[in-house]
Amino acid sequence: MAVGLQLPRKKAPNAIDQHVGSRVRMRRLMLAMSQEKLGDALGLTFQQVQKYEKGANRIGASRLQQISHILQVPVAFFFEGAPNAAAPHGPHGSALSTAQIDDFISDADGLRLIGAFMRIDNAALRRRIVMLVQEIVGDDDN
């Protein structure tokens with residue numbers, strides 16, 4: 001009686017792991033930091049950082065805290081807008097997809113806009129800019 005061996009199937013990345021990884025990537029790009037530089041700061045190869053960012057490898061709690069320190073954001077930043085999260089997806093329930101965020105931050109103009117916007121210290125002015133842009137695009141949720 002021969003026992004058949006089944007080869008393990010490649011598991012699809014978990015949606016939360018993908019989201020956290022995409023947030024790591026977004027923040028790293030906002031800081032104009034390379035995967036290699038982040039990897040060096042973590043004592044990892046850039047390939048491992050790549051796997052984290054794609055959600056192929058899960059980021060442990062202590063490693064996520066280390067990443068949050070290096071990228072200068074609270075750990076909660078990585079979970080903002082996560083699928084099935086208890087927290088709301090922004091003020092009007094309209095979350096951007098990971099693909100939309102990736103497209104935006106991969107574009108030079110998008111990255112420049114984020115950088116300039118983050119340098120505005122006045123929160124009220126930032127809110128007015130968001131409202132102006134929403135008005136320009138005809139977004140009625142403002």
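Treat the numbers as computed from the prediction; the structure is a model and nothing was measured.

### So, a nonpolar patch on the surface
A cluster of nonpolar residues, Leu132, Val133, Ile136 and Val137, forms a patch on the protein surface that exposes about 410 Å² of accessible area. By the secondary structure assignment, Leu132 is in helix α7 (residues 123–137).

### A closer look at the packing of helix α2 (residues 35–42) against helix α4 (residues 61–70)
With their axes 10 Å apart at the nearest point, α2 and α4 run at an angle of 120° to one another. Of the possible angle classes, the one that applies to α2 and α4 is oblique. In this structure, α2 crosses over α4, and the sense of that crossing is right-handed. Along the contact surface, α2 presents Leu38, Ala41 and Leu42, while α4 presents Arg63, Gln66, Ile67 and Ile70. Here the contact of α2 with α4 is built from residues that sort into five nonpolar, one polar and one charged.

### A few points about the environment of Val20
Along the chain, Val20 falls in helix α1 (residues 15–30). The spatial distance from the C-alpha of Val20 to the C-alpha of Ala76 is 9.8 Å, given a sequence separation of 56 residues. Look past the residues within four positions of Val20 in its chain and what remains in contact with it is Ile59, Leu64, Phe78 and Phe79.

What counts and what doesn't
Residues numbered from 1 in each chain as written. Predicted model: local features only at pLDDT ≥ 70, side-chain atom pairs only at ≥ 80, totals over all residues. Heavy atoms only, no water. Patch = residues over 30% accessible without salt bridge, like charges linked within 9 Å, V, L, I, M, F, W, Y side chains within 5 Å. Areas by Shrake-Rupley, 256 points an atom, 1.4 Å probe, with all protein chains shown as cover. Salt bridge = Lys/Arg side-chain N within 4 Å of Asp/Glu carboxyl O. Helix = DSSP H or I, 4+ residues; strand = E, 2+ residues; numbered from the N terminus. Axes fitted to C-alpha atoms, helices over the stretch in contact; angles between N-to-C directions. Parallel < 35°, antiparallel > 145°, perpendicular 65-115°, else oblique. Left-handed = near helix turned anticlockwise from the far one by under 90°. Contact = heavy atoms within 4.5 Å. Nonpolar A, V, L, I, M, F, W, Y, C, P; charged D, E, K, R; others polar.

So, to be careful, I would describe these as geometric facts and stop short of saying anything about function.
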